[in-house]
Amino acid sequence: MGGSVSLSVCGQLLCIGASLPHPRTWWFTEEKFGQAEKTELDAHFENLLARADSTKNWTEKILRQTEVLLQPNPSARVEEFLYEKLDRKVPSRVTNGELLAQYMAEAASELGPTTPYGKTLIKVAEAEKRLGAAERDFIHTASINFLTPLRNFLEGDWKTISKERRLLQNRRLDLDACKARLKKAKAAEAKATLWNDEVDKAEQELRVAQTEFDRQAEVTRLLLEGISSTHVNHLRCLHEFVESQTTYYAQCYRHMLDLQKQLGRFPGTFVGTTEPVSPPLSSTSPTTAVATMPVGPSVAGLAPPGEAALRLEVTPPASGTRKARVLYDYEAADSSELALLADELITVYSLPGMDPDWLIGERGNKKGKVPVTYLELLS
């Protein structure tokens, strides 16, 4: 019905003397130049439109940046996009952690799996493999629970909203053109009685255009109000994304703690190597260097040979005991170890023949082994 109104309006405008290829195009141009009146939408409707536009814009930005987070390689993202458009399954891709694990395992095999370096390479390779598997699970979960709903909104609901908004725009242009035609017909009627039929026809077309506009406005309004449901759905997806990300980082933390404990329990890992030990960079004693530059749990056991040699030379002061501040929470692996809480102060000392990566820690009437890398030794 909207098309017939447009054609009729176009014909009448041409009779009045307007020369235009299409009434909507002509009227839209007139509005832009401020030469035509425009039917304004109510404030609530305008707010709904602005809210919908903001939702669409920010959803696009969040979607794109999440894709970058999950797959930093732009070439790989383009490849995955093409596979999706071709409706083909994306081939399985080795994660960076899994690839690093493969290289380390091959290096250990060639350099000697029974040497201290080879054994350490194998242990680290196993940890990197587990990290890569955890990353793969996180990417898969995040894609399903977070990226897919965002894409579905942009490619589904938003396209429907955009289509109905375009229809509403056309209905409004038809309505405004009918209003202008009726106004001109009434002006001409005052000068000539021959325009009576034109006025009646213009009024009829205006009523039809108004009905079509009101109907389309209601349809569009309902779709725009549905954005609230979209926000609720995206909120749920966001919680699931955070949960999957938390699980992923927790797995990484556990894997690295396990690796650190394994490396810390290799007595004299670097003993017997033919490589010379690098001298200290300053006159600071080895004990002071360890006390003032604590090593975080993420890199413990992976220091260069020179730094490891410095750490192996740590010995308690002449008094036999000293205070230490705990840098990180530590969960005891068994009853021989002492659980630690970050920022607490404990008393530590070493026993003859004890692994230099560990000390005996005491807190009240409790004591047990504690890793040196979790402590800052105090003077």
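Because the structure is predicted, anything quoted here is derived from the model rather than measured.

*Asks:* How should the pairing of strand E4 (residues 366-371) be read in this particular structure?
*Replies:* Looking down a regular strand, the side chains alternate between one sheet face and the other. In this sheet, E4 lies alongside strand E3 (residues 358-363) in antiparallel orientation, the contact comprising six bridges. Bridge pairing links Glu362 to Lys367 in E4. Counted between consecutive antiparallel strands, the loop separating E3 from E4 contains two residues, among which Gly364 sits at a positive phi close to 65°.

*Asks:* Is there a simple way to explain the pattern of salt bridges in this structure?
*Replies:* If charged atoms from side chains of opposite charge come close, those side chains can pair. Enumeration according to the criterion identifies 14 salt bridges in this entry. The residue Arg221 makes a salt bridge to Asp42 at a minimum N-O spacing of 3.1 Å. Of this pair, Arg221 sits in helix H7 (residues 196-225) while Asp42 sits in the loop between helix H2 (23-32) and helix H3 (43-70), and the two are 179 residues apart along the sequence. Of the charged contacts in the structure, one is a salt bridge between Arg172 and Asp176, with a shortest N-O distance of 2.8 Å. Placement of the pair is Arg172 and Asp176 together in helix H6 (residues 116-189), with a separation of four residues, close to one helical turn. Here Arg172 matches Asp176 in class, with each residue buried. Here the salt bridges share partners, and the residues they tie into one network are Arg64, Glu67 and Arg151.

*Asks:* I tried to follow the packing of aromatic side chains on my own but got confused; where do I start?
*Replies:* Centre distance and the angle of the planes are the two values used to describe a pair of aromatic rings. Counted by the stated rule, this structure contains eight aromatic pairs. Their ring planes at 35° and their centres at 6.2 Å tell us that Phe138 and Phe241 sit as a pair that is tilted. Separated by 103 residues along the polypeptide, Phe138 in helix H6 and Phe241 in helix H8 (residues 227-264) bring together distant segments of the chain. We classify Phe138 as buried; its relative accessible area is 7%. Classification of Phe241 by relative accessible area gives buried; the value is 9%. Aromatic pair Phe138 and Tyr248: ring centres 4.9 Å apart, planes at 5°, arrangement stacked. Residue Phe138 is located in helix H6, and its partner Tyr248 is located in helix H8; the two are separated by 110 residues in the primary sequence. Here the basic side chain of Lys61 rests over the ring of Trp58, its NZ or CZ set 4.5 Å away from the ring centre.

*Asks:* Looking at this structure, I do not really get H3. What am I missing?
*Replies:* Quick reminder: α-helices carry 3.6 residues per turn. Residues three or four places apart thus point the same way. The terminal C-alpha atoms of H3, which comprises 28 residues, lie 40 Å apart, in line with the 40 Å expected from a rise of 1.5 Å per residue. Of all the positions in H3, only Phe45, Leu48, Leu49, Ala52, Thr55, Thr59, Leu63, Thr66, Glu67 and Leu70 are classed as buried. One side-chain oxygen at the N-terminal end of H3 lies 3.1 Å from the backbone nitrogen of His44; it belongs to Asp42.

*Asks:* Just to check I follow, could you spell out a nonpolar patch on the surface for this structure?
*Replies:* Where nonpolar side chains cluster on the molecular surface, the patch consists of Val78, Phe81 and Leu82 and spans about 280 Å² of accessible area. Of note, Phe81 is situated in helix H4 (residues 74-85).

*Asks:* In this structure, what is going on with the sheet that holds strand E2 (residues 345-349)? I would like to understand it.
*Replies:* Strands pair in a sheet through their backbones, by hydrogen bonds, and they do so in one of two ways: parallel or antiparallel. Read from one edge of the open sheet, five strands run E4-E3-E2-E1-E5, paired in antiparallel fashion. Strand pairing shows two members of the sheet lacking a second neighbour, E4 and strand E5 (375-377), which therefore form its edges. Looking at each pair of strands side by side, their axes are set apart by 40° on average, direction ignored.

*Asks:* Explanation requested: the environment of Glu98 in the structure shown.
*Replies:* Secondary-structure assignment places Glu98 in helix H5 (residues 96-111). Take Glu98: its relative accessible area is 18%, and that puts it in the buried class. Spatially, the C-alpha atom of Glu98 lies 9.6 Å from that of Arg136, the residues being 38 residues apart in sequence. Once you skip the residues sitting within four places of it in the chain, Glu98 turns out to touch Glu128, Lys129, Gly132, Ala133 and Arg136. A distance of 2.5 Å separates polar atoms of two side chains, one belonging to Glu98 and the other to Arg136.

*Asks:* Sorry, what's going on with the nonpolar core here?
*Replies:* Residues Phe45, Phe138, Phe146, Leu224 and Leu259 are the most contacted members of the largest nonpolar core, which totals 44 residues. It is H6 that contributes the most residues to this core, 20 residues altogether. Contacts of Phe45, omitting those with residues within four sequence positions, involve Leu168, Ala217, Thr220, Arg221 and Leu224. Formed by 18 residues, the second largest nonpolar core is a distinct cluster that contains Leu257, Met354, Ile360 and Leu375.

*Asks:* Mind showing me how you'd approach the packing of H3 against H8 here?
*Replies:* Axes are the key here: two packed helices are described by the angle between their axes and the distance separating the axes. The contact between H3 and H8 brings their axes to 12 Å, and the two run at 20°. Considered as vectors, H3 and H8 are oriented roughly parallel to each other. In this structure, H3 meets H8 at a crossing whose hand is left-handed. In this structure, H3 uses Arg51, Ala52, Thr55, Thr59, Thr66 and Leu69 to contact H8, whose residues at the interface are Ile227, Ser228, His231, His234, Phe241 and Gln245. Of the residues assigned to the contact of H3 with H8, the class counts are four nonpolar, seven polar and one charged.

Scoring rules and cut-offs
Residues numbered from 1 in each chain as written. Predicted model: local features only at pLDDT ≥ 70, side-chain atom pairs only at ≥ 80, totals over all residues. Heavy atoms only, no water. Pairing = 2+ DSSP bridges. Helix = DSSP H or I, 4+ residues; strand = E, 2+ residues; numbered from the N terminus. Salt bridge = Lys/Arg side-chain N within 4 Å of Asp/Glu carboxyl O. Buried < 20%, exposed > 50% of the residue type's maximum accessible area, 1.4 Å probe, protein only. Phe/Tyr/Trp six-rings, centres within 6.5 Å; stacked < 30°, edge-to-face > 60°. Lys NZ or Arg CZ within 6 Å of the ring centre and 35° of its normal. Expected span 1.5 Å × (residues − 1). Polar contact = N/O pair within 3.5 Å; in protein donor to acceptor, adjacent residues only side chain to side chain. Patch = residues over 30% accessible without salt bridge, like charges linked within 9 Å, V, L, I, M, F, W, Y side chains within 5 Å. Areas by Shrake-Rupley, 256 points an atom, 1.4 Å probe, with all protein chains shown as cover. Axes fitted to C-alpha atoms, helices over the stretch in contact; angles between N-to-C directions. Contact = heavy atoms within 4.5 Å. Core = buried A, V, L, I, M, F, W, Y, C linked by side-chain atoms within 4.5 Å. Parallel < 35°, antiparallel > 145°, perpendicular 65-115°, else oblique. Left-handed = near helix turned anticlockwise from the far one by under 90°. Nonpolar A, V, L, I, M, F, W, Y, C, P; charged D, E, K, R; others polar.

Any functional reading would require information beyond the geometric quantities listed.
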